[in-house]
Protein chains: 2
Amino acid sequence: MTAVERMPAATSVPGMLARGRELVDPPLRQALDRLDDHSRLVAAYHLGWCDEHGRPANGSSGKAIRSGLTLLVGEAVGGRAEPAVPGGVAVELVHNFSLIHDDLMDRDTKRRHRRTVWAIWGDATAVLVGDALACLADEVLAESNTPYAAPAGHALAVATRKLIRGQVLDVAFERRDDVTLAECLDMAAGKTGALLGVAAELGAILSGADPVTCDAFRTYGWELGLAFQLVDDLLGIWGTPETTGKPVFSDLFAHKKTLPVVWSLQYGGAPGRDLAAWFANPSGDASEAAELVERAGGREWALAEAEERVRNAGKALDAAGIAPANRDQLDQLAQFVAERQL
Amino acid sequence: MTAVERMPAATSVPGMLARGRELVDPPLRQALDRLDDHSRLVAAYHLGWCDEHGRPANGSSGKAIRSGLTLLVGEAVGGRAEPAVPGGVAVELVHNFSLIHDDLMDRDTKRRHRRTVWAIWGDATAVLVGDALACLADEVLAESNTPYAAPAGHALAVATRKLIRGQVLDVAFERRDDVTLAECLDMAAGKTGALLGVAAELGAILSGADPVTCDAFRTYGWELGLAFQLVDDLLGIWGTPETTGKPVFSDLFAHKKTLPVVWSLQYGGAPGRDLAAWFANPSGDASEAAELVERAGGREWALAEAEERVRNAGKALDAAGIAPANRDQLDQLAQFVAERQL
C-alpha cells in the first residue's frame, strides 16, 4: 500500500496541518501585534518567523499539531473549522509560552537548531515574553465572542495549570533518583497530555458540542499526548540526526531518565540493574545504555504503550459520535503522531 | 477633626479592607489548594501565611487594597460585595504572580522583610509558581458562573498584558539614562494603574454594570494606581524606617530613577542638572540627592500630581452614578491611598 493510497492528498496529515496553519497564522500574528515592539520581536523570533534582528526567516515553528487538532475537532463537531480558530491560536500561544519558560528553567541554549530566547535576550525577557503569550491566549479566547468563550477559557486555564504542574514534577524529579514509572507517566500527562487534551476539547467547546462530547475529545487528545511523549522519548534515544536534528542517543548522553529508561529501571530485571549502574556512573558510551534499555525491554514496552494510547484515543472517539470521514481524519492524526519519524 | 470623626469605625478604610479580606481569603486559600504540595507551600509562604517550612505565620501579605477595591465597587454597583468576590481573588492572584516574577527578574532578595521566592527555592520555582497563580486567576474568574465570566476574563487578560508591558519597560529603562517623564508615567500606568484599574472594573463587571459604568470604574482605579505609585516613590525617598521598613533615601541609595527624580532631571533647572551629575557619579551621601530633588521641585510636583490623580479618580466616579454612601467610601479609599504613611 503506498502512502497516497493510505492518505488521499487532500486529507493527508501534513496537508491537514498545513491547512490548519493557514487559518491560525494570521490571527496569531494579529495577537502578537498587541505586544510592545521588543516582546513582539522576541515572540516572532521564537516562532521562527524572523531572526533575532527581525529579518524575515523561514525557521520551522514546529508542526502545529495542537492547533491542527483543534481545527479538525471543530470540523468533526460543527462541519466548519472557523469557529475553532481562536482555540487553535490559544493553544499555540500557551504551547510557546511553556516552551520559552521551560528553556529558561532547564537552561537549554538551543531549540530547533536556534538559540533560545533566554540565551539571546536574558532571563527577564524570557519570563516576560512567556507571561505575555499566556495572557494573549486568554484574550483571544475571551474575544471569540460566543456563549462558549467562558467554558473555553476555563478549560484552557485548567489545562495550563496541569501543564505547569507537569513541569513542577519534571524539575523536582531531576533531584531524585527513585522516580517511579507511575510518577513519570503523571508528569508526561501534565507536560504533553494536558495541552493536546485541551487542544481537542477547545475545538469541541467552540463548536457547541455537549459536555460529554467535549470530555470524549479531551480524552482523545490526552491519550494522543501520551503516545506523542512515548514516541518522543524513543526518538530521544534511537532517533537519527536526519529526523531529530540531534545525535543518536542524545537523551542518554544528557543522562535523561525518560519513560523507556524508567520502565527499564523498574521492570527490566538484570539488564535494568546494569542500566541503573550505568546511570550511577555513566560512561561516555551511550550506546551501551541504549543496548541495556533494549535488552531490558524498555524500547518494546514504549512502542506497545504508544500503540495502546492510540487505541485508547480511538475508543474515546467512539463516544463522540462523529461522521466516518471526520473520524478517519482524527484516526490518521493519531497514527501520524505514533509513527512520527520512527 | 479627629480620625474617628472623619471615618466612622464601620466604614474606615482599614476596616473596609479588613472586611474585604474576610471575604476574599477563604476562596483564595481554596484556589491554592488546587496546586501541587510544593507550589502551594511556596505560594502560601509568599502570601505570608506560613514560613518556608510550612509552619503557620502571621506575616503581612500586604494591605489587599486591590481586592478591597473590587468589593467596594461591587457594593457600589449592586449593593452586595459577594458577586465581586471572584474578581477580588483574581486580582490578588495576578498581583502576587507579578510580584514573584518581578522579584526574580530584579533579583530582589527581600520583600516585606522576608526572603523572596527565587532567593529561597531558585529560579524555576519562582517562574512556575508565578505562572500557576496567573492561571488560577483565570480559573476562578471563569468559574464565577455568570454571564459576566467572559467579559471579566477578557478585562483581566488585557490588564495583565498591560502590567507585563509595564515591567518590560522597567527592565528596558534600567539600561538607558535618557528616560523621559512621559515614558516613566507610561511604565507606572502599566505597573500600577492597569491592575488597580481592572480591580475596580471587575467589581463593576461582575455586578452587572453597563459598559460605560465599567469604564468609569476602570478609570477611577487607573488614576488611583498612578497616585499610589507617586506616593510610593515619595516614600522611597523620604519614607521613614518605621513606615516603610526601609532606611530613609533607600531608592536613592539604590540609584533608582523614580518619578520625582525623573521629573527633577527633566524640569528641575540647575538643581536638576546637579542631580544628573550626582546620578552620573553617585556619592555615598544619598541625602545630598534627596536635597537636590527637593530643590528641583520634584517632591512638590509628585505630591501635587498625586492629588491631581485622586481628583481625576473622583471625576471618573461622577460618570458611574452611584449612591452617596458608596461614593463616600470610594473617595475615602482614594484619599487613603494618596495620604498613605506620608
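This one's a predicted model, so the numbers in the text were calculated from it and none came from an experiment.

Scoring rules and cut-offs
Residues numbered from 1 in each chain as written. Chains lettered and ligands numbered in written order. Predicted model: local features only at pLDDT ≥ 70, side-chain atom pairs only at ≥ 80, totals over all residues. Heavy atoms only, no water. Contact = heavy atoms within 4.5 Å. Buried area = accessible area lost by both parts, 1.4 Å probe. Salt bridge = Lys/Arg side-chain N within 4 Å of Asp/Glu carboxyl O. Polar contact = N/O pair within 3.5 Å; in protein donor to acceptor, adjacent residues only side chain to side chain. Helix = DSSP H or I, 4+ residues; strand = E, 2+ residues; numbered from the N terminus. Nonpolar A, V, L, I, M, F, W, Y, C, P; charged D, E, K, R; others polar. Axes fitted to C-alpha atoms, helices over the stretch in contact; angles between N-to-C directions. Parallel < 35°, antiparallel > 145°, perpendicular 65-115°, else oblique. Left-handed = near helix turned anticlockwise from the far one by under 90°. Least-squares fit on C-alpha atoms with pLDDT ≥ 70 in both. Phe/Tyr/Trp six-rings, centres within 6.5 Å; stacked < 30°, edge-to-face > 60°. Buried < 20%, exposed > 50% of the residue type's maximum accessible area, 1.4 Å probe, protein only. Lys NZ or Arg CZ within 6 Å of the ring centre and 35° of its normal. Expected span 1.5 Å × (residues − 1). Core = buried A, V, L, I, M, F, W, Y, C linked by side-chain atoms within 4.5 Å. pLDDT = per-residue confidence, 0-100.

K.L.:
Got a sec to walk through the interface of chain A and chain B? Specific residues and values, please.
P.N.:
Across the boundary between the two partners, chain A contributes 33 residues, which contact 33 residues of chain B. Summed over both sides, the interface of chain A with chain B buries roughly 2800 Å², with 71% coming from carbon and sulfur. Three residues, Leu128, Arg161 and Ile164 of chain A, lead the burial of chain A against chain B; their summed loss comes to 20% of the area buried on that side. Here chain A is connected to chain B by four salt bridges. As a salt-bridge pair, Arg107 of chain B and Asp123 of chain A come within 3.1 Å of each other at their nearest N and O atoms. Our count for the contact surface shared by chain A and chain B stands at ten residue pairs in polar contact (both at pLDDT 80 or more). Mapped onto the side of chain A that touches chain B, the elements with two or more residues apiece are α5 (85-106), α7 (123-142) and α8 (149-173) of chain A. Ranked by residue count, the leading element in the side of chain A that touches chain B is α8 of chain A, at twelve residues. For the side of chain A that touches chain B, the residue count by class is 18 nonpolar, five polar and ten charged.

K.L.:
Mind laying out the packing of helix α16 (residues 298-318) of chain A against helix α17 (residues 324-339) of chain A, listing which residues take part and the relevant values?
P.N.:
Residues and elements named next belong to chain A. Interaxial distance between α16 and α17 falls to 10 Å at its minimum, and their mutual angle equals 165°. Judged by the inter-axis angle, α16 sits roughly antiparallel to α17. Here α16 runs over α17; the crossing is right-handed. Seen from α16, the contacting residues are Val310, Gly314, Leu317 and Asp318; seen from α17, they are Arg327, Leu330, Asp331, Ala334, Gln335 and Ala338. Of the residues belonging to the contact of α16 with α17, the class tally is five nonpolar, two polar and three charged.

K.L.:
So what about the relation of the copies chain A and chain B? Which residues, and what values?
P.N.:
Overlaying chain A on chain B yields an RMSD of 0.0 Å, the required transformation being a rotation through 180° with an accompanying axial translation of 0.0 Å. Expressed as an axis order, the relation between the two copies is that of a two-fold axis. Scanning chain A for the C-alpha nearest the rotation axis identifies Ala150 of chain A, at a separation of 2.4 Å. Comparing interface residues between copies, 100% of those in chain A also sit at the interface in chain B, which points to an isologous, same-surface contact.

K.L.:
Any chance you could break down the packing of aromatic side chains for me, citing the residues and the numbers?
P.N.:
Residues and elements named next belong to chain A. On inspection of all chains with the given rule, the structure shows eight aromatic pairs over all chains. Both rings, one in Trp263 and one in Tyr267, keep their centres 5.6 Å apart while their planes meet at 45°; by these two values the pair is tilted. With Trp263 and Tyr267 both in helix α13 (residues 259-267) and four residues apart, this pair spans about one turn of that helix. Residues Trp278 and Phe279 carry aromatic rings whose centres are separated by 5.2 Å and whose planes lie at 85° to one another, so their mutual orientation is edge-to-face. Given a relative accessible area of 5%, Trp278 falls into the buried group. Site record: aromatic cluster; members linked through ring pairs are Trp263, Tyr267 and Trp301. Just above the ring of Trp238 sits the side chain of Arg299; from NZ or CZ to the centre is 4.4 Å.

K.L.:
Pulling in residues and values, what's your account of helix α5 (residues 85-106) of chain B?
P.N.:
All names here are of chain B. For α5, built from 22 residues, the straight-helix expectation of 32 Å at 1.5 Å per residue is met to within 8% by its first-to-last C-alpha distance of 31 Å. Counting buried positions over the 22 residues of α5 gives 21, a clear majority of the element. Of the residues flanking the end of α5, it is Arg107, one or two places downstream, whose phi is positive at about 55°.

K.L.:
Tell me about the packing of helix α10 (residues 211-238) of chain A against α16 of chain A, residues and numbers included.
P.N.:
The description of two packed helices rests on the angle between their axes and on the distance between the axes. Residues and elements named next belong to chain A. Contact geometry of α10 with α16 gives a least axis separation of 8 Å together with a crossing angle of 160°. With respect to α16, the axis of α10 lies roughly antiparallel. Remark: the crossing between α10 and α16 carries left-handed chirality. Side by side, α10 and α16 meet where Ala216, Phe217, Thr219, Tyr220, Glu223, Leu224, Leu226, Ala227, Leu230, Val231, Leu234 and Trp238 of the first sit next to Arg299, Trp301, Ala302, Leu303, Glu305, Ala306, Arg309, Val310, Asn312, Ala313, Ala316 and Leu317 of the second. Along the lines of polarity and charge, the residues of the contact of α10 with α16 split into 18 nonpolar, two polar and four charged.

K.L.:
Would you mind going over the nonpolar core in detail, with residue names and values included?
P.N.:
Nonpolar side chains tend toward joint burial in soluble globular proteins. Core analysis: the largest hydrophobic core is formed by 172 residues, its most contacted members being Tyr220 of chain A together with Tyr220 of chain B. Leave out the neighbours within four places in its chain, and Tyr220 of chain A touches Leu69, Ala200, Ala313, Ala316, Leu317, Leu330, Leu333 and Ala334 of chain A.

K.L.:
Give me the environment of Ala132 of chain A: which residues, what numbers.
P.N.:
Structurally, Ala132 of chain A can be placed in helix α7. C-alpha separation for the pair Ala132 of chain A and Leu93 of chain A, spaced 39 residues apart in sequence, amounts to 9.3 Å. In contact with Ala132 of chain A, other than residues within four places in its own chain, are Leu35 of chain A together with Ile164 of chain B.

K.L.:
With reference to specific residues and values, describe the pattern of salt bridges.
P.N.:
Inspection of every chain in the model, using the stated rule, returns 46 salt bridges over all chains. Here Arg299 of chain A ties to Glu294 of chain A by a salt bridge, and the two come within 3.4 Å at their closest N and O atoms. Relative accessible area serves as the criterion here: at 40%, Glu294 of chain A is assigned to the partly exposed category. When salt bridges with common partners are traced through the structure, they connect Arg34, Glu139 and Glu143 of chain A together with Arg161 of chain B into a single cluster.

K.L.:
Pulling in residues and values, what's your account of the environment of Val140 of chain B?
P.N.:
Residues and elements named next belong to chain B. Within the secondary structure, Val140 is located in helix α7 (residues 123-142). Distance in space between the C-alpha atoms of Val140 and Pro86 is 6.0 Å, their sequence separation being 54 residues. In this structure Val140 touches Ala31, Pro86, Val89 and Leu93, once residues within four positions along its chain are discounted.

K.L.:
Explain α16 of chain A to me, using residue names and the numbers behind them.
P.N.:
Residues and elements named next belong to chain A. Over its 21 residues, α16 runs 30 Å from end to end, which matches the ideal 30 Å to within 8%, given 1.5 Å per residue. Gly298, Trp301, Ala302, Glu305, Ala306, Arg309, Val310, Asn312, Ala313, Gly314, Ala316 and Leu317 are the residues of α16 that are buried. The elements touched by buried residues of α16 are α9 (181-206), α10, α13, α15 (286-296) and α17.

K.L.:
I'd like to hear about the confidence of the model for chain A, residue by residue, with values.
P.N.:
Residues and elements named next belong to chain A. In this model, chain A carries an average pLDDT of 91, and 95% of its residues clear a pLDDT of 70 or more. Contacts for the low-pLDDT stretch residues 1-10, under 50 throughout, to residues beyond four places or in other chains number six contacts. Predicted complex, confidence summary: ipTM 0.91, pTM 0.92.

K.L.:
I'd love a proper account of the side chain of Ser207 of chain A, names of residues and values included.
P.N.:
Residue and element names in this part refer to chain A. Among the secondary structure elements, Ser207 is positioned in the loop between α9 and α10. Among the polar contacts made by the side chain of Ser207, one reaches the main-chain carbonyl oxygen of Gly203 at a distance of 2.8 Å. Those residues in contact with Ser207 that sit more than four places away from it in its chain are Gly74, Val77 and Gly78.

K.L.:
Quick rundown of unusual backbone geometry? Include the residues and the values.
P.N.:
All names here are of chain A. Unusually for a residue other than glycine, Arg112 sits at a positive phi of about 50°. Turning to its location among the elements, Arg112 is positioned in the loop between β1 (110-111) and β2 (114-115). You can call Arg112 partly exposed: its relative accessible area is 29%. A positive phi is found at Phe249, a non-glycine position, where the angle reads about 70°. The exposure class of Phe249 is buried, given its relative accessible area of 17%.

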